[in-house]
Amino acid sequence: MFGPLNISLAPYVKSSRTLTKWITPIANWYANASGYRKYGFKYDDLLVEERDDVQRALTRLTVREKYDRAYRLKRASQASVLHTPLPKEQWTTPAEDVRYLKPHVLEVVKEDTERQMWDTVGVKKN
């Protein structure tokens, strides 16, 4: 229910076919209404970069992923300066909007949790 990125009901919704059938159209509408796809962003481009786990996850991206992310940010900044979204053919489609950074963030959080566990282990002498 609580993840490293925020509160999520996704596991519960995915476990129920009825909920999935009802929630998926609403989720797609919300993603389109939020407008980030009109500027060419992917969802993970919107994560707050000031968080330590996101910072460390960004260093684990491949060179190509880093380049693509920088390009999307620059292109969206230019569109914002011009006060117009990108042309419709340049919008991010739902099929292209994959979570490329989330696996890295989850891995960093898992490592931090494991490190904290090992740092707090008590040692008893016999």
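Just above sits the structure.
Residues numbered from 1 in each chain as written. Predicted model: local features only at pLDDT ≥ 70, side-chain atom pairs only at ≥ 80, totals over all residues. Heavy atoms only, no water.

Can you tell me about the nonpolar core, naming the residues and giving the values?
Membership of the largest hydrophobic core is limited to 9 residues, which are Leu47, Val54, Ala57, Leu58, Leu61, Tyr100, Leu101, Val105 and Val108. Only α3 (52-59) and α5 (102-119) provide two or more residues apiece to this core. Considering every element that reaches this core, the biggest residue donor is α3, with 3 residues. The contact partners of valine 108, leaving out residues within four places of it in the chain, are Asp53, Arg56, Ala57 and Arg60. (Core = buried A, V, L, I, M, F, W, Y, C linked by side-chain atoms within 4.5 Å. Buried < 20%, exposed > 50% of the residue type's maximum accessible area, 1.4 Å probe, protein only. Helix = DSSP H or I, 4+ residues; strand = E, 2+ residues; numbered from the N terminus. Contact = heavy atoms within 4.5 Å.)

Can you tell me about the packing of α3 against α5, naming the residues and giving the values?
Interhelical geometry of α3 versus α5 gives an angle of 120° and a closest axis separation of 8 Å. One finds that α3 runs oblique with respect to α5. Judged by the twist between their axes, the crossing of α3 over α5 is right-handed. Of α5, the residues touching α3 (which contributes Asp53, Val54, Arg56 and Ala57) are His104, Val105, Val108, Val109, Glu111, Asp112 and Arg115. (Axes fitted to C-alpha atoms, helices over the stretch in contact; angles between N-to-C directions. Parallel < 35°, antiparallel > 145°, perpendicular 65-115°, else oblique. Left-handed = near helix turned anticlockwise from the far one by under 90°.)

Explain α3 to me, and be specific about the residues and the numbers.
Asp53, Val54, Ala57 and Leu58 are the residues of α3 that are buried. Around the axis of α3, the buried residues are gathered within 135° of arc, so they sit on the same side. Opposite its buried face, α3 presents the exposed residues Asp52 and Thr59, each directed more than 90 degrees away. Tucked into the core, α3 has its buried residues touching α4 (63-81) and α5. (Arc of directions from axis to C-beta.)

Residue-level account of the packing of aromatic side chains, with values.
Summed over all chains, the structure comprises 1 aromatic pair. Centroid distance tyrosine 36 to tyrosine 43: 6.2 Å. Interplanar angle 65°. Geometry classified as edge-to-face. Judged by relative accessible area, tyrosine 43 falls into the partly exposed class, the value being 33%. (Phe/Tyr/Trp six-rings, centres within 6.5 Å; stacked < 30°, edge-to-face > 60°.)

So what about the side chain of threonine 92? Which residues, and what values?
Among the secondary structure elements, threonine 92 is positioned in the loop between α4 and α5. From its side chain, threonine 92 meets the backbone oxygen of phenylalanine 41 in a polar contact 3.1 Å long. Dropping the residues within four chain positions of it, threonine 92 is found in contact with Arg37, Gly40, Phe41, Lys42 and Asp97. (Polar contact = N/O pair within 3.5 Å; in protein donor to acceptor, adjacent residues only side chain to side chain.)

Just give me the short version of the environment of threonine 113, but keep the residues and values in it.
Here threonine 113 shows up in helix α5. Judged by its relative accessible area of 48%, threonine 113 is partly exposed. Of the polar contacts made by the side chain of threonine 113, one reaches the backbone oxygen of valine 109; its length is 2.9 Å.

Give me a nonpolar patch on the surface: which residues, what numbers.
Judged by side-chain polarity, Met117, Trp118, Val121 and Val123 come together as a nonpolar surface patch covering roughly 470 Å² of accessible area. Here tryptophan 118 is to be found in helix α5. (Patch = residues over 30% accessible without salt bridge, like charges linked within 9 Å, V, L, I, M, F, W, Y side chains within 5 Å. Areas by Shrake-Rupley, 256 points an atom, 1.4 Å probe, with all protein chains shown as cover. Salt bridge = Lys/Arg side-chain N within 4 Å of Asp/Glu carboxyl O.)

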